[in-house]
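Remarks on the overall topology
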Amino acid sequence: MKFFLDTASLKDISWAAQAGLIDGITTNPSLLAKQAGDLDPRDVLKEICSLVEGPVSAEVVSIDTAGMVNEGTELAKIADNIVVKIPMLEEGMVAVRQLGAAGIKTNVTLCFSSVQCLLAAKAGAAFVSPFIGRIDDVGQEGMDVIREARVIFDNYGIETEILAASIRHPRHVVEAAMIGADVATLPPDVLKKLLLHPLTDRGLDQFLSDWSKLAARAKATV
Ligand code: E4P
């Protein structure tokens, strides 16, 4: 399973990239607004693209086809690994098709049902992003969308990648991996939580304590 980091934080991206833990990045206007401050968001995206080799999703903010295509075309000029994020809209599907014809990869975002995923795939998206956590938030089972989309895509040999998004905790990652989502995009705090287990901490404390007792004994016998 591929892991993307769902952030525009250069610090978190640098750490995860150096550790070889991530295969790409997803951003959205909210995440970029948080990171960019006074900086030009395009410069932030350029820096992100230099830190990771894999796909970096950058979202358009237009909601008409021509605007999305123009913005997407400009975003794609930032770096070769930019993937243009297009919202699940009627106009967006045409933009996905047109950007694809121009050789620009797209990620259809704000998907909340398996049929939305199917439509995005038919339009030619490279990735579809069902938002698991936000579906859970309204009292439905977000993981069902991943499960259904996986079956549908496998039934028809659809190559569009299912990107499990809006991941809120490690259990989401485990379930998405068991179902066979191609990618999970993780907020940095969730990625860091995956490293943790209380028995790891307890085991390390024990090893270090035993070692310091041994060292103290060795010192006393010198
Ligand atoms: C995905 O590409 C989105 O940026 C993200 O996963 C949204 O997550 P949220 O629901 O936690 O904002």
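Description of the structure in this document.

Each value, and the rule that gives it
- Residues numbered from 1 in each chain as written.
- Predicted model: local features only at pLDDT ≥ 70, side-chain atom pairs only at ≥ 80, totals over all residues.
- Heavy atoms only, no water.
- Helix = DSSP H or I, 4+ residues; strand = E, 2+ residues; numbered from the N terminus.
- Contact = heavy atoms within 4.5 Å.
- Areas by Shrake-Rupley, 256 points an atom, 1.4 Å probe, with all protein chains shown as cover.
- Buried < 20%, exposed > 50% of the residue type's maximum accessible area, 1.4 Å probe, protein only.
- Near = heavy atom within 4 Å.
- Polar contact = N/O pair within 3.5 Å; in protein donor to acceptor, adjacent residues only side chain to side chain.
- Nonpolar A, V, L, I, M, F, W, Y, C, P; charged D, E, K, R; others polar.
- Axes fitted to C-alpha atoms, helices over the stretch in contact; angles between N-to-C directions.
- Parallel < 35°, antiparallel > 145°, perpendicular 65-115°, else oblique.
- Left-handed = near helix turned anticlockwise from the far one by under 90°.
- Pairing = 2+ DSSP bridges.

This brings us to the overall build of the chain. What the chain contains, in helices and strands, is eleven helices and eight strands. Summarising its shape, the C-alpha atoms of the chain cover approximately 80 × 40 × 30 Å along the three principal directions. When contacts within the chain are restricted to residue pairs at least 6 apart in sequence, those whose partners lie at least 24 apart make up 56%. Summed over its atoms, the accessible surface of the chain is roughly 11900 Å², and 56% of this surface lies on carbon and sulfur atoms.

Here Leu110, not a glycine, exhibits a phi torsion of approximately 60 degrees, which is positive. Tracing the backbone shows Leu110 in strand β5 (residues 106-111). Leu110 sits in the partly exposed class, given a relative accessible area of 33%. The backbone of Ser166 sits at a positive phi, close to 55 degrees, despite the residue not being glycine.

Turning next to the site of the ligand. In the vicinity of the ligand, the contacting residues are Asp6, Thr26, Asn28, Lys85, Phe131, Arg134, Ala165, Ser166 and Arg168. Between Asn28 and the ligand, the recorded distance is 2.8 Å, taken from a side-chain N or O atom to an oxygen atom. Here an oxygen atom of the ligand and a side-chain polar atom of Ser166 are 2.7 Å apart. Burial of the ligand by the protein amounts to 85% of the accessible area it has alone, namely 340 Å². A per-class count over the shell around the ligand returns two nonpolar, three polar and four charged.

Now for the packing of helix α4 (residues 65-76) against helix α5 (residues 90-101). The N-to-C vectors of α4 and α5 enclose an angle of 40 degrees; their axes lie 8 Å apart at closest approach. As summarised for this structure, α4 and α5 are arranged oblique, according to the angle between their axes. In the crossing of α4 with α5, the sense of the turn from one axis to the other is right-handed. Of α5, the residues touching α4 (which contributes Thr65, Met68, Val69, Gly72 and Thr73) are Glu91, Gly92, Val94, Ala95, Gln98 and Leu99. Class assignment of the residues belonging to the contact of α4 with α5 gives a composition of five nonpolar, five polar and one charged.

We now examine the pairing of strand β6 (residues 127-130). Alternating residues of β6 divide into Phe127 and Ser129 and Val128 and Pro130, and every residue in both groups is buried. Two strands pair when backbone bridges link them, and β5 and β6 are joined in this way by three bridges, in the parallel orientation. Across the sheet, residue Asn107 finds its bridge partner in β6, namely Phe127. Where β6 and strand β7 (residues 161-164) come together, two bridges link them in parallel fashion. Of the residues in β7, the one forming a bridge with Phe127 is Glu161.

With that out of the way, let us pick up the sheet that holds strand β2 (residues 24-26). The eight strands are arranged β1-β2-β3-β4-β5-β6-β7-β8 in a closed barrel whose pairing can be described as parallel. Adjacent strand axes in the sheet meet at a mean angle of 30 degrees, parallel and antiparallel pairs treated alike. Relative to β7, helix α8 (residues 142-155) is tilted by about 175 degrees, and along the sheet it contacts β6 and β7.

Take the side chain of His172 next. One can find His172 in helix α9 (residues 170-179). Those residues in contact with His172 that sit more than four places away from it in its chain are Ile132, Gly133, Asp136, Met143, Ser166 and Ile167.

Let us look at the environment of Glu53. Tracing the sequence through the fold places Glu53 in the loop between α3 (41-51) and β3 (56-59). Its relative accessible area of 82% is what places Glu53 among the exposed residues.

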